[in-house]
Amino acid sequence: MARPLDGIKVIDFTQVMLGPSCTQALGDFGAEVTKVERPGKGDLSREGVLKHTGQNNPVFLSLNRNKRGIAVDLSTNAGREVIYDMLGDADVVVSNFRPGVMKRLGLDYETVSKLNPRIIWACGSGFGSSGPYADKGGQDILGQAYSGVMTRKADPEHPTAIYATPIADYTAGQHLMQGILLALLQRHATGEGQKVEVSLYSSMLALQMQEATTRLMYNQELNWALMPLSGCFPTNDSEIVIIGAFKENPLADICAALGLPDYSEEERFSTLDRLKENRAEIRTIMATRLLDDTCEHWLTKLEQHDVLCGPVRSLAEALADPQTSQNEMIIEFTDADGQAVKTIASPITMSKVIKEIRYVPPHLGEHSREILIELGYDDARIDELVTIGAVC
């Protein structure tokens, strides 16, 4: 069965998460992705804080399927010549180094586009290629902090904290993929390649488009987590989340579900503005009542009154949910060490595309010889490149 990106060749210089999440998404839908790593250590995510067996840890395994791997020393002339040969018929080059690194390696857009005018040169960075922070190292947590995301809280009294999932890396990675796909579409019409850039900083600002527009237009704070009838509440056995919105009178329905008097008839709770003024009071009333029974009990009652609600669960519980299986969100394969791997699949489902693993995450330099043979190198030349350390 044909895939959307069959025939698209991607040279992948990325590491950690921003770039690899982008190139894995391209590989999942048919692109021929070649992961280029430095000999010796490779992608930084090959090592990690978790103990693991074999060459690859869970972080690397989660981000590098459907890629072949080659290890090239880009500090050597021979190594750069290998990359130049690879670029000849490539469609996309992706990196997420600091601005300037690709230029020092002789792989900046100006150089690469002369070798291949059809190339899509895509780069993810911390803050962009120009401006006061261009030379600053980029990382997910910094993206959260600089963009204002980190200060957004469900409760102003909560201490400022790092969001526990790398939302900046993943968001920027998917924005980078979008840019690449748009550039490929434009190239189909014009025949010309172009440069595509995305930063963690800009992606986090884009994530806050509603809040930012409210601030820019009216200098007001928009915080969906502070809506008076929405939030997380403990029950007598776990936690429940309730969304008291999107209805003409959500408080009346919540009260009916919880077996409470209709507090919406009281002046202090009669309008959204009054609810905001008396948010603490109404939430205390709801919280006290919810402690009287189980999460499952209240879910049933609230859903009977068409109130949006759900259990607050751990990741382990979500992974075990039958809906996760129904959505085909867990894929399994055996890695190059013979280790059984379970990981998250692409969230995109297409009626005429099958989700499949064509390549398991590679060992460092696993496909180097295979790729060089495809480029026309003979065994003697490959052995020479290995001997001088240009390729491994």
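An unreviewed UniProt entry annotates the protein as Formyl-CoA transferase originating from Spelaeicoccus albus.

A. Focus on the sheet that holds strand β4 (residues 92-95). Pairing in this open sheet of six strands is parallel, and the strands run β3-β2-β1-β4-β5-β6 from one edge to the other. Two strands in the sheet have a free side with no partner beyond their single neighbour: β3 (67-71) and β6 (194-199). Ignoring strand direction, the axes of neighbouring strands in this sheet form an average angle of 20°. Sheet topology note: the β4/strand β5 (residues 120-125) ladder contains four bridges and is parallel. Of the residues in β5, the one forming a bridge with V94 is A122. Running over the sheet, helix α7 (residues 167-190) touches β4, β5 and β6 and is turned about 165° from β6.

B. Structural detail: the layout of surface pockets. Estimated volume of the largest pocket: approximately 750 Å³. M17, S21, S62, L63 and Y170 are, among the 32 residues lining the largest pocket, the residues nearest its centre. Where the lining of the largest pocket is concerned, the elements lending two or more residues are α1 (18-28), α2 (58-63), α6 (140-147), α7 and β11 (340-344). Looking at the lining of the largest pocket, the element that brings in the most residues is α7, giving five residues. Taken together, the residues of the lining of the largest pocket break down into 19 nonpolar, nine polar and four charged.

C. Focus on the packing of aromatic side chains. A full pass over the atoms with the stated rule returns six aromatic pairs. A centroid spacing of 5.8 Å and a plane angle of 45° characterise the contact between F127 and Y201, whose relative ring orientation is tilted. In this pair, F127 is assigned in the loop between β5 and α6 and Y201 in helix α8 (residues 200-207), connecting sequence segments 74 residues apart. The buried category is assigned to F127, whose relative accessible area is 10%.

Conventions we followed
In this numbering scheme, every chain counts its residues from 1 along its sequence in written order. Selection of residues for local features in this predicted model requires a pLDDT of at least 70, selection of side-chain atom pairs for listing and counting requires 80 or more, and totals for whole chains, interfaces and linings are taken over all residues. Hydrogen atoms and water are omitted, and side-chain values are computed over all heavy atoms in the structure. Only strands joined by at least two bridges in the DSSP assignment are considered to pair. To qualify as a helix, a DSSP run of H or I must reach at least 4 residues; to qualify as a strand, a run of E must reach at least 2; elements of each kind are numbered from the N terminus. Interaxial angles span 0 to 180 degrees and are taken between N-to-C directions of axes, which are lines fitted to C-alpha atoms, for helices over the stretch in contact. When checking whether two residues touch, look at their non-hydrogen atoms; a contact exists if any pair is within 4.5 Å. Grid points spaced at 1 Å over the protein atoms alone were grouped into cavities, where a 1.4 Å probe fits but cannot get out, and pockets, open sets with protein on both sides within 12 Å along at least five of seven lines, with lining residues defined by an atom within 4 Å of a point. Grid points are joined across faces, edges and corners, and a volume is the space filled by probe spheres set on the points. Each residue is assigned to one of three groups, with Ala, Val, Leu, Ile, Met, Phe, Trp, Tyr, Cys and Pro labelled nonpolar, Asp, Glu, Lys and Arg labelled charged, and all others, Gly among them, labelled polar. Pairing of aromatic side chains requires ring centres within 6.5 Å, counting the rings of Phe and Tyr and the six-membered ring of Trp. Pairs whose planes differ by under 30 degrees are stacked, by over 60 edge-to-face, and all others tilted. A simple rule labels every residue: compare its accessible area, found with a 1.4 Å probe on the protein chains alone, to the largest value its type can have, and call it buried under 20%, exposed over 50%, or partly exposed in between.

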